[in-house]
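Breakdown of the fold
What follows is each chain in one-letter form.
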Amino acid sequence: MRVGVPREIKVQEYRVGLTPGAVREYVAAGHQVTVETGAGSGIGASDEVYRRAGAAIAESARDIFAKSDMIVKVKEPQKSEWAQLRENQILFTYLHLAPDPEQAKGLLASGCTAIAYETVTDANGNLPLLAPMSEVAGRLAIEAAGAALKRSAGGRGLLLGGVPGVQPARVVVLGGGVVGTQAARMAAGLGAEVTVIDRSLPRLRQLDDLFIGRVRTRLSTIEAVEDEVFAADVVIGAVLVPGASAPKLVTRAMLKSMRPGAVLVDVAIDQGGCFETSHPTTHTDPTYEVDGVVHYCVANMPGAVPVTSSQALNNATLPFGLMLANKGFAAVLENPHLRNGLNVHRGRITNKAVADSLGLDFAPVESGLAA
């Protein structure tokens, strides 16, 4: 198969769809890989490094899209990219379609087959291609919160871990999944007072065992969320409904009862955000203030550490990408986990959660649409 890797063009996105090491694996499996010039610059991988790995170098993204059977990216395609996609071409990347109807329309119009990293599953029902970036984002969330808490950044002027004789910051994590666990780990490690709220009692028991009592846990109820958010210095939004828009757990009305200078970090912003007042920001201008509360809502947090993120992402995506390269769309039909990753195929939405969020018809591949 002809596999193409365009340079990422989203603002301040430095990751790359395939690392040189991953390219070697594709080439060893008999596939032709073409990488757009400069695609690996964000991870310090020159065109020559990619050539040595076995890739050809294209001078433009147009060449990549025109000549490739499968496009491997990191972030969702931008307007200039989805306009170049075509029928029978596979797109393998993060999509986050639920809050992005414009992208969805573009992909539907292209006729392409779009497989979203974030909805691919494994045998345990987990999301193995989302997990590595969730790990990165969860850890970065605490770094971002610490910076935003500084008085010069509009925050309360607190050190997350305090110092002897001075109380540490109170950190509340909404969601006990991968992002929430990593955020709690980092915050507790810095000495903050940490509470994790989740709606799953079995998950809270796991977290209690994992942190050996170092982190408080509470079952998610309206009262629990209000109690903890109102008393928090930092709130990390780490909720996930696979494929669907994130629920709004913190309303604008609640901000008035929060501490002035408190910080909200919305890691769920790719899925629309879990705070009512969230809107996407960039690494250049990451924060804004609403009712005295600082919001950090960078939509591609792991892009700030592209070397770590690209390697972690490729570790997870490589086996699935090779399945697609080896068998084409047949891999989707044969593998239920790739089938769960299928979001768009030949002008139809094939993921129910995405279809429901967008208010569009759902057309499962089992219906014969894929044949």
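Residues numbered from 1 in each chain as written. Predicted model: local features only at pLDDT ≥ 70, side-chain atom pairs only at ≥ 80, totals over all residues. Heavy atoms only, no water.

1. Brief notes about the domain arrangement of the chain
Quick reminder of the rule: Residue ranges assigned to each domain were obtained from an automatic or database domain assignment. Two residues form a contact once any of their heavy atoms are found within 4.5 Å. As a working definition, buried area equals the accessible area (1.4 Å probe) given up by two parts on being put together, with both sides summed. Salt bridges are defined by distance alone: a side-chain nitrogen of Lys or Arg within 4 Å of a carboxyl oxygen of Asp or Glu. Working definition: helices are DSSP H or I runs of at least four residues, strands are E runs of at least two. Numbering for both runs from the N terminus.
Segmenting the chain into domains produces domain 1 (2-111 + 305-358) and domain 2 (131-304). In this structure, domain 1 and domain 2 have C-alpha centres spaced 30 Å apart. At the junction of the two partners, domain 1 supplies 21 residues and domain 2 supplies 19 residues. Buried area between domain 1 and domain 2, both sides added, is near 1,600 Å², and the carbon and sulfur share of it is 54%. Sorting the residues of domain 1 by area buried against domain 2 places Gln12, His96 and Val305 first, and these three jointly supply 32% of that buried surface. Across the pair Lys75 and Asp270 runs a salt bridge, and its minimum N-O distance is 3.3 Å. Those elements that place two or more of their residues in the side of domain 1 that touches domain 2 are helix H11 (306-327) and helix H14 (352-358). Here the element with the most residues in the side of domain 1 that touches domain 2 is H11; it accounts for six residues.

2. Concerning the pairing of strand E7 (residues 170-174)
Within a regular strand, the side chains alternate between the two sheet faces. This is how the line gets drawn: Each residue is assigned to one of three classes by its accessible area relative to the maximum for its type, calculated with a 1.4 Å probe on protein chains only: buried under 20%, partly exposed between the two thresholds, exposed over 50%. Pairing between two strands requires that DSSP report at least two bridges joining them.
Burial of E7 is extensive: four of the five residues sit out of reach of the surface. One ladder, built from five bridges, connects E7 with strand E8 (residues 193-198); its direction is parallel. Its bridge partner being in E8, Arg170 is matched across the sheet by Glu193. Two elements, E7 and strand E10 (residues 234-237), share four bridges in a ladder whose sense is parallel. Across the sheet, residue Val173 finds its bridge partner in E10, namely Ile236.

3. Some words on the state of the cysteines
For clarity, the cut-off: Count a disulfide wherever a pair of cysteine sulfur atoms falls within 2.5 Å.
As enumerated under the stated definition, the model contains zero disulfides in all. Cys274 takes part in no disulfide bond, and the closest cysteine sulfur, belonging to Cys297, lies 8.9 Å away. Taking the relative accessible area as the measure of exposure, Cys274 reaches 0% and is therefore buried.

4. Description of the packing of aromatic side chains
Quick reminder of the rule: In this scheme Phe, Tyr and Trp rings, the latter by its six-membered ring, pair at centre separations within 6.5 Å, and the angle between planes marks the pair as stacked below 30 degrees, edge-to-face above 60, and tilted otherwise.
Scanning the entire structure with this criterion turns up two aromatic pairs. Between Phe92 and Tyr117, the aromatic rings sit 4.7 Å apart at their centres with planes inclined by 85°, giving edge-to-face as the arrangement. You can see Phe92 sitting in strand E5 (residues 90-93) and its partner Tyr117 sitting in the loop between strand E6 (113-116) and helix H6 (131-148), a full 25 residues away along the chain. Take Phe92: its relative accessible area is 1%, and that puts it in the buried class. Judged by its relative accessible area of 0%, Tyr117 is buried. Their ring planes at 85° and their centres at 4.8 Å tell us that Tyr94 and Tyr117 sit as a pair that is edge-to-face. Placement of Tyr94 in the loop between E5 and helix H5 (101-110) and of Tyr117 in the loop between E6 and H6 is noted, with a sequence separation of 23 residues between them. Take Tyr94: its relative accessible area is 3%, and that puts it in the buried class.

5. Digging into the sheet that holds strand E9 (residues 216-219)
To keep things clear, this is the line we draw: As a rule, the C-alpha atoms of each element are fitted with a line to give its axis, helices using only the stretch in contact, and angles between N-to-C directions run from 0 to 180 degrees.
Ordered in space as E9-E8-E7-E10-E11-E13-E12, the seven strands form an open sheet in which the pairing is mixed. Of all strands in the sheet, those with a lone pairing partner are E9 and strand E12 (287-290), marking the two edges. Pairs of neighbouring strands in the sheet enclose a mean axial angle of 20°, with direction left out of account. Sheet strands touched by helix H9 (residues 222-231): E7, E8, E9 and E10. Its angle to E9, the strand with the most contacts, is close to 140°.

6. Some thoughts on the pattern of salt bridges
Evaluation of the coordinates by the stated rule reveals 19 salt bridges. Residue Glu76 pairs with Lys10 through a salt bridge whose shortest N-O separation is 2.7 Å. You can see Glu76 sitting in the loop between strand E4 (70-72) and helix H4 (79-82) and its partner Lys10 sitting in the loop between strand E1 (2-5) and helix H1 (20-28), a full 66 residues away along the chain. Side by side, Glu76 and Lys10 carry an identical accessibility label, which is buried. Here Glu334 and Lys327 are joined by a salt bridge, their closest N and O atoms 2.8 Å apart.

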